[in-house]
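Summary of structural features
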Amino acid sequence: MRRTSASLVAGALVAALAWASSPSLPAVALDPSAGVADLTQDINQILSDSRLTIARAGVVVKSAQTGEELYATDAGKLLLPASNTKLFTSAAAAETLGLDYRFPTTVLSDGRRAGSILTGDLVLRGTGDPTMLAGDYDALAAKVAAAGVKVVAGKLVADDTWFDSQRLGNDWSWDDETAYYAAPISALTASPDRDYDAGSVIVAVAADGDKVKVSTTPETGYLKIVNRATVGSRTNVLIERQHGTRTVVITGTVADPYQEWVAVDDATAYVSSLFRKSLAKHGVKILGPTTTGAAPEGAKELAKHESMTLGELLVPFMKLSNNIHAEILTKAMGRKVANQGTWSAGLKVSTDFARANGVQVINMRDGSGLSRRDGFSPGSIAQLLTAVRGKPWFPTWYESLPIAGNADRFVGGTLRSRMRNTPAANNVHAKTGSLTGVTALSGYVTSADGEPLIFSIMLNQYLSGSPKDIEDKIAIRLAQFSRANPVNTTARLGAADDASAGDLECSWLKPVQC
């Protein structure tokens, strides 16, 4: 994961602690209601955009210090949150699992050793680590070899029983099944990159003379590649896994190199193939087949890998809006609280946490917001954002939110190209959310007076033209907000420096790098 300098970390921590500590309100020389009236007028004007004429818009703005509601429209209406759902999942995970939580992956056996021969099975047991790379499984294999094992007389057993066998969300769209942002959820998974896109493989194409060369990251024979692409004058290529199979069909023309992230059909089987290949590479021969099942009681540990902490994982999870991290954490919470690695158990943990913190209007169907049956109200999101400010883990969580206009992917995240060169840049810390016809932006901003504000903007059912710029205009206006010294109307309603992207999160549109 990308590392930041000590000075940046220190500065970020100071900012987060300042947000959590609720300094006193700034002194105002004039009537403070004038600034609020101007704010109301301006947000109403922004929301009068013709794209919202037939759409639904819910907006809440509150003072983080006093709880005063500065603006609200349809604050209690149930709306689709998209990835704003991750605010609830990440907060519940920080509270339930703790920032020091790690995912262990272990190699076990209950077999007897006869010299370099292991008479029993070799078990690879996972707990959902989304940061496992092919190199990490290779390192585990190397440890097995270093322990003196050369032959396993039994089977290679993949133990993914930490989670249940349901791989996809109940409400996920059928046509998302092969997309990396809807990859199967398993206690044994692997990522192809350090964005930690668990459950996917990068498939790349390049012109090689008069033929199209195909490669994968990591190198794997798990996928069956059917290459029908040809070399052409421009790149117009489709790389797509066929539903319910491990067959990837490549069609179209290739001029320049291109790559696509493809979800595997079965993360456990995919990981088993990676690990078995690494064992062979390190001179460990498995005589039996690869199967799945639980590790036997009393099995001894031969090798172990632990993930980064949850506190560290929050950065790629929240900055890049990683769906798979959200669902893995949901099942991990269910496993810890109810000993059930299921969506139902984990979602109960998240909703119980939300309600214990005053949140009322909430309907969670998954941890990421990919489901179109998720429902929250802007008021509920604002209530969560208010409640978590007093949590000991808040500074780390706050800094994991995307920061407007900051070009660093692991700082700005999904807001890195938005609100640049405005008062909101390096000020707004907020979670984005995007589905077709849905956009949301909720988080924190410091006003021109230095007053911390909480906001939630949810726009649903628009038909054309992404209204993300409407979110940006409201956030910028909040950064300009002054209770007693309102700026002129033209400056207040100035547009953001950069136009927003289309309907979907830029992080959902790899290889585009948001």
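Residues numbered from 1 in each chain as written. Predicted model: local features only at pLDDT ≥ 70, side-chain atom pairs only at ≥ 80, totals over all residues. Heavy atoms only, no water.

What about the side chain of T268?
Its place among the elements puts T268 in helix α5 (residues 267–281). What makes T268 buried here is its relative accessible area of 2%. Leave out the neighbours within four places in its chain, and T268 touches A158, D160, R167, S186, L188 and T292. (Helix = DSSP H or I, 4+ residues; strand = E, 2+ residues; numbered from the N terminus. Buried < 20%, exposed > 50% of the residue type's maximum accessible area, 1.4 Å probe, protein only. Contact = heavy atoms within 4.5 Å.)

Brief notes about the packing of helix α7 (residues 323–338) against helix α8 (residues 343–356)
Pairs of packed helices are described in terms of their axes, by the angle between the two and the distance that separates them. Contact geometry for α7 and α8: axes closest at 7 Å, N-to-C directions at 85°. One way to sum up the angle between α7 and α8 is to call them roughly perpendicular. When α7 is examined against α8, the residues E327, T330, K331, M333, G334, V337 and A338 are found in contact with a partner set consisting of W343, A345, G346, L347, V349 and S350. (Axes fitted to C-alpha atoms, helices over the stretch in contact; angles between N-to-C directions. Parallel < 35°, antiparallel > 145°, perpendicular 65-115°, else oblique.)

Some words on the nonpolar core
Residues L87, F88, L97, L310, V388, W397 and Y444 are the most contacted members of the largest nonpolar core, which totals 67 residues. Judged by nonpolar contacts, the second largest core, of 39 residues, contains A158, A190, V262 and V264. (Core = buried A, V, L, I, M, F, W, Y, C linked by side-chain atoms within 4.5 Å.)

Let's talk about the environment of G58
As for its placement among the helices and strands, G58 is situated in strand β1 (residues 56–63). Judged by relative accessible area, which is 0%, G58 ranks as buried. Sequence separation of G58 and A72 is 14 residues, and the distance between their C-alpha atoms is 7.6 Å. In contact with G58, other than residues within four places in its own chain, are T73, D74, L79, P378, S456, I457 and M458.

As for the environment of A153
Summarising the element assignment, A153 is placed in the loop between β7 (151–152) and β8 (156–159). The spacing of A153 and L122 is 31 residues in sequence and 9.0 Å in space, taken between C-alpha atoms.

Some remarks on unusual backbone geometry
Peptide bonds are trans in most cases, and residues, glycine excluded, mostly fall at negative phi. For the bond from T217 to P218, the omega torsion is -5°, close enough to zero to count as cis. Mapped onto the fold, P218 is located in the loop between β10 (211–217) and β11 (224–227). In this structure, Y196 takes a positive phi of about 60° despite not being glycine. Along the chain, the position of Y196 falls in the loop between β8 and β9 (200–208). For Y196, a relative accessible area of 2% puts it in the buried group.

Some points on the sheet that holds strand β16 (residues 285–286)
Taken in spatial order, the four strands make up an open sheet running β4-β5-β7-β16, and their pairing is mixed. Of all strands in the sheet, those bounded by a partner on one side alone are β4 (113–114) and β16. Where β7 meets β16, two bridges bridge the pair, whose relative direction is parallel. Bridge pairing in β16 links V152 to I286. (Pairing = 2+ DSSP bridges.)

Digging into the packing of helix α6 (residues 310–319) against α7
Contact pair α6 / α7: the axes reach a minimum separation of 9 Å and the direction vectors enclose 145°. Of the two possible hands of crossing, α6 and α7 adopt the one that is left-handed. Here L310, L313, P316 and F317 of α6 lie close against α7, whose contacting residues are H325, A326 and L329. Broken down by class, the residue content of the contact of α6 with α7 amounts to six nonpolar, one polar and no charged. (Left-handed = near helix turned anticlockwise from the far one by under 90°. Nonpolar A, V, L, I, M, F, W, Y, C, P; charged D, E, K, R; others polar.)

What about the pairing of strand β21 (residues 429–435)?
Counting buried positions along β21 gives seven out of seven residues, so the element sits mostly inside the fold. Going residue by residue along β21, you find H429, K431, G433 and L435 tucked away on one face and A430, T432 and S434 tucked away on the opposite face as well. In textbook terms, the turn of a hairpin is the stretch between consecutive antiparallel strands, and for β21 and strand β22 (residues 438–446) this stretch comprises two residues, one of which, G437, has a positive phi near 75°.

Focus: the pairing of strand β14 (residues 247–254)
The sheet contact formed by β11 and β14 spans four bridges and is parallel. Bridge assignment links K224 to a residue of β14, and that residue is T247. Taken together, the six bridges between strand β13 (residues 236–241) and β14 define a ladder with antiparallel strand orientation. Residue pairing in the sheet places N236 in a bridge with T253 of β14. Linkage of β13 to β14, two consecutive antiparallel strands, is achieved through a turn of five residues, within which G244 is found at a positive phi near 70°.

A short note on the environment of I239
In this fold, I239 is placed in strand β13. Along the primary structure I239 and W261 are separated by 22 residues, whereas in three dimensions their C-alpha atoms are 8.8 Å apart. Discounting chain neighbours no more than four positions away, the residues touching I239 are V203, V205, V248, V249, I250, Y258, E260 and V262.

Observations regarding helix α4 (residues 134–146)
When the terminal C-alpha atoms of α4 are compared, their 18 Å separation across 13 residues agrees well with the 18 Å that a helix rising 1.5 Å per residue should span. Turning to α4, its buried residues number three or more, namely D136, Y137, D138, L140, A141, V144 and A145. Those residues of α4 that are buried lie in contact with β3 (104–109), β6 (122–125), α5 and β18 (300–306). A positive phi of about 100° marks G148, the residue just after α4. (Expected span 1.5 Å × (residues − 1).)

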